[in-house]
Amino acid sequence: MLDTFELAGKKYTSRLIVGTGKYRDFEETRRAVEASGAQIVTVAVRRVNITDANKENLLDYLSPERFTILPNTAGCYTADEAIRTARLAREAGVGTLVKLEVIGDQKTLFPDVPATIEAATVLVREGFDVLPYINDDPIAAKKLEEIGCAAVMPLAAPIGSGLGIRNPFNIMIILEHSKVPVIVDAGVGTASDAAVAMELGCDAVLMNTAIASAKDPLLMAEAMRLGVEAGRKAFLAGRIPRKLYATASSPLDGLIAR
Amino acid sequence: MRVVINGEEQIVQDGISVADLVVALGLNRRRIAVELNQQIVAREAYEQRQLAADDALEIVTFVGGG
């Protein structure tokens, strides 16, 4: 049976969501997205360059007909800024999904959870499919689910840190209680981190820097695709329990010289 | 008349419509969104919506981001 992941009423076969920031150019972005197998890509909303308007647009390389475009509210520090940014993104015509980020602090880029809840409340009411970026905090996840968010997106570690999942136990608690998809967002460093997220039972993983800032982004994109697939299959297969002592793999009967 | 576009003062033709401004700036209207004095202007309303002196516009598009 095909293993699909459903987000805001749409089914996806890829559980890897990738960002489009930090690449050298749009062509490299396109090739990395291609190699990652992602069907959902995040984008940021920014002022157009009015003095050089004829520059190419990212969406000329990543067609909204082919990819689900997930605009973010990155860089917003208040609920109002995030709400305005989300409304502009929807008006730009890529649908109702929004990755809601309300940042609380420049150094950690940790979310301002009360402001995120405030913005999510407004945006859900306005018909957005809100995917909030939050701490690995089960209570915040629960509140955002109750508001009507389409998923919750706890961080693995600070954005761009590459530290991997710092608190798998909190992610496990979020997973146990969540009825909406749980997507690990931010902090993944390498393929094994992505695999761990999937092995825990997360529905998907979202990353940008780990691929875009790797020495070879295209190869890392492929590694992440395989890491996510491996982790997902391992989760479905059901891992063995951890034990302190050994259990022999070879039969004990028929040993020579006994 | 003077308006503010993306935080910068610009001189535009008196009473210009959002549609004509978008064309004058060389923008693809399918890839942008416009906010006029903090209110979204729907794409279908670009033709009718005229600017007044001292209006503040935000014109945004999608760029790479995570």
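Provided above is the structure to which this section pertains.
Fair warning: this is a prediction, and the values are worked out from it, not measured in the lab. Numbering of residues starts from 1 in each chain and follows the order in which that chain's sequence is written. Following the order in which they are written, the chains are lettered starting with A and the ligands numbered starting with 1. The predicted origin of the model limits local features to residues at a pLDDT of at least 70 and limits the giving and counting of side-chain atom pairs to 80 or more, whereas totals for whole chains, interfaces and linings rest on all residues. Side-chain metrics in this entry use all non-hydrogen atoms of the structure; hydrogen atoms and water are not considered.

Peer 1: Explain the interface of chain B and chain A to me, using residue names and the numbers behind them.
Peer 2: Contacts: residue pairs with any heavy atoms within 4.5 Å of one another. Taken together, the 27 residues of chain B in the interface contact 31 residues of chain A. With both chains or domains summed, chain B and chain A bury close to 2,600 Å², and 58% of this area falls on carbon and sulfur atoms. Summed over both partners, the accessible area (1.4 Å probe) lost when two parts come together is defined as the buried area. On the chain B side of the contact with chain A, Arg31(B), Phe62(B) and Gly66(B) bury the most area, a combined 30% of that side's loss. The salt bridge definition used is simple: a Lys or Arg side-chain nitrogen within 4 Å of an Asp or Glu carboxyl oxygen. Where chain B meets chain A, there are three salt bridges. Between Arg31(B) and Asp60(A) there is a salt bridge; the shortest N-O distance is 3.3 Å. In protein, a polar contact requires one atom able to donate a hydrogen and another able to accept it; more generally it is a pair of N or O atoms within 3.5 Å, and residues adjacent in sequence count only if both atoms are side-chain atoms. Taken together, chain B and chain A are joined by 17 residue pairs in polar contact (both at pLDDT 80 or more). Helix and strand assignments come from DSSP, with helices taken as H or I runs of at least 4 residues and strands as E runs of at least 2, each series counted from the N terminus. When residues of the side of chain B that touches chain A are traced back to their parent elements, those giving at least two are strand 3 (33–36), strand 4 (39–41) and strand 5 (56–64) of chain B. In terms of residue count, strand 5 of chain B provides more of the side of chain B that touches chain A than any other element does, seven residues in total. Of the residues that constitute the side of chain B that touches chain A, the class distribution is 13 nonpolar, nine polar and five charged. Note that strand 4 (residues 40–47) of chain A and strand 5 of chain B share five bridges and pair antiparallel. Bridging from a neighbouring strand, Val45(A) pairs with Phe62(B) of strand 5 of chain B. Under the scheme applied, nonpolar residues are Ala, Val, Leu, Ile, Met, Phe, Trp, Tyr, Cys and Pro; charged residues are Asp, Glu, Lys and Arg; polar residues are all the others, including Gly. For two strands to pair, DSSP has to find at least two bridges joining them.

Peer 1: So what about the packing of helix 4 (residues 138–147) of chain A against helix 5 (residues 168–177) of chain A? Which residues, and what values?
Peer 2: Residues and elements named next belong to chain A. Between helix 4 and helix 5, the shortest axis-to-axis distance is 9 Å and the interhelical angle comes to 30°. Taken together, the axes of helix 4 and helix 5 are roughly parallel relative to one another. The two elements helix 4 and helix 5 cross, and the hand of that crossing is right-handed. Note on element contacts: helix 5 touches helix 4 through Asn170, Ile173, Ile174 and His177, opposite Pro138, Ala141 and Glu145. The class makeup of the residues in the contact of helix 4 with helix 5 is four nonpolar, two polar and one charged. Every axis corresponds to a line fitted to the C-alpha atoms, with the helix fit spanning only the stretch in contact, and the corresponding angles, defined between N-to-C directions, vary from 0 to 180 degrees. The labels follow the angle: roughly parallel below 35 degrees, roughly antiparallel above 145, roughly perpendicular from 65 to 115, and oblique for the rest. What makes a crossing left-handed is the near helix being turned counterclockwise from the far one by less than a right angle; a clockwise turn instead makes it right-handed.

Peer 1: Mind laying out the pairing of strand 3 (residues 16–19) of chain A, listing which residues take part and the relevant values?
Peer 2: All names here are of chain A. Three exposure classes are used, based on accessible area relative to the maximum for each residue type with a 1.4 Å probe and protein chains only: buried under 20%, partly exposed in between, and exposed over 50%. In strand 3, alternate side chains face the same way, and those of Leu16 and Val18 on one face and Ile17 and Gly19 on the other are all buried. One ladder, built from three bridges, connects strand 3 with strand 10 (residues 204–207); its direction is parallel. If you follow Ile17 over to strand 10, its bridge partner there is Leu206. Relative to strand 4, strand 3 runs parallel, the two sharing three bridges. When the bridges of strand 4 are listed, Val18 appears paired with Val41. Handedness is read with the strands pointing away from the viewer; a crossover is right-handed when the path from the first strand over the helix to the second is clockwise. Each parallel crossover has a hand, and for strand 3 linked through helix 1 (residues 26–36) to strand 4 it is right-handed.

Peer 1: For the state of the cysteines, give the residues involved together with the corresponding values.
Peer 2: Residues and elements named next belong to chain A. Here, a disulfide means two cysteine sulfur atoms that sit within 2.5 Å of each other. Taken as a whole, this structure holds zero disulfides over all chains when the rule is applied. We note that Cys76 lacks a disulfide partner, and the nearest cysteine sulfur, in Cys149, lies 16 Å from it. Residue Cys149 is classed as buried on the basis of its relative accessible area, which comes to 3%.

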